[in-house]
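# Summary of structural features
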Amino acid sequence: MADASVVELADRIRALLGGDGEIEERAMFGSRAFLADGRILVGARKGGTLLVRVTAERAAALLTEPGVSRAVMGARTMSENWLDVSADAVADDAALMGWIDLAREDAETV
């Protein structure tokens, strides 16, 4: 079962997506993932961390932003396309929506 921070962030993501019929939600690895065409866009992770999938080029630039790091799952650092965005960096809905929009923009190319 996901912790309360996962549930809260997933609820916020779901609300911002507004029932977009093209987005599928799945429980994955103790988190909630939001997928388009079977591919993860974003995920709600423990501690309210947002998992984001973008192009490697965009990820390199975004790593300079406060609260952004390469995603780590267990002992494994994910590929350069995956970022963890801290709960503080997505504390308001405008910031969260900005990250969702970036993931959607890159969805076709990653």
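Procedures and definitions
- Residues numbered from 1 in each chain as written.
- Predicted model: local features only at pLDDT ≥ 70, side-chain atom pairs only at ≥ 80, totals over all residues.
- Heavy atoms only, no water.
- Salt bridge = Lys/Arg side-chain N within 4 Å of Asp/Glu carboxyl O.
- Helix = DSSP H or I, 4+ residues; strand = E, 2+ residues; numbered from the N terminus.
- Pairing = 2+ DSSP bridges.
- Axes fitted to C-alpha atoms, helices over the stretch in contact; angles between N-to-C directions.
- Contact = heavy atoms within 4.5 Å.
- Buried < 20%, exposed > 50% of the residue type's maximum accessible area, 1.4 Å probe, protein only.

### Structural notes on the pattern of salt bridges
Inspection of every chain in the model, using the stated rule, returns eight salt bridges. R58 is the salt-bridge partner of E105, the closest N and O atoms lying 3.0 Å from each other. Of this pair, E105 sits in helix α3 (residues 93-106) while R58 sits in helix α2 (residues 56-62), and the two are 47 residues apart along the sequence.

### Overview of the sheet that holds strand β4 (residues 49-53)
Read across the sheet, six strands follow the order β1-β2-β3-β4-β8-β5 without closing on themselves; strand pairing throughout is antiparallel. Sheet topology places β1 (23-28) and β5 (68-70) at the edges, where each strand pairs with a single neighbour. Taking each pair of neighbouring strands and ignoring which way they run, the sheet shows an average axis angle of 25 degrees. Sheet analysis places β1 next to strand β2 (residues 31-36), joined by six bridges and oriented antiparallel. Of the residues in β2, the one forming a bridge with E25 is F34. Of the strands in this sheet, β1, β2, β3 (39-45) and β4 touch helix α1 (residues 4-17), which is tilted by about 135 degrees from β3. The strands touched by α3 within the sheet are β1, β3, β4, β5 and β8 (82-85), with β4 carrying the most contacts at an inclination of about 25 degrees.

### Overview of unusual backbone geometry
Its identity as a non-glycine residue notwithstanding, D37 has a phi of 55 degrees, on the positive side. Structurally, D37 can be placed in the loop between β2 and β3. The class for D37 is exposed, based on a relative accessible area of 70%.

### Quick word on the pairing of β8
Side chains W82 and D84 project from β8 onto one buried face, and the interleaved L83 and V85 project onto a second face that is buried too. Relative to β8, β4 runs antiparallel, the two being bridged by four bridges. In the strand pairing of β8, L50 is matched with V85. Of the pairings in the sheet, the one linking β5 to β8 comprises three bridges and is antiparallel in character. Residue pairing across strands places R70 opposite L83, the latter belonging to β8.

Read these as geometric descriptors, not functional statements.
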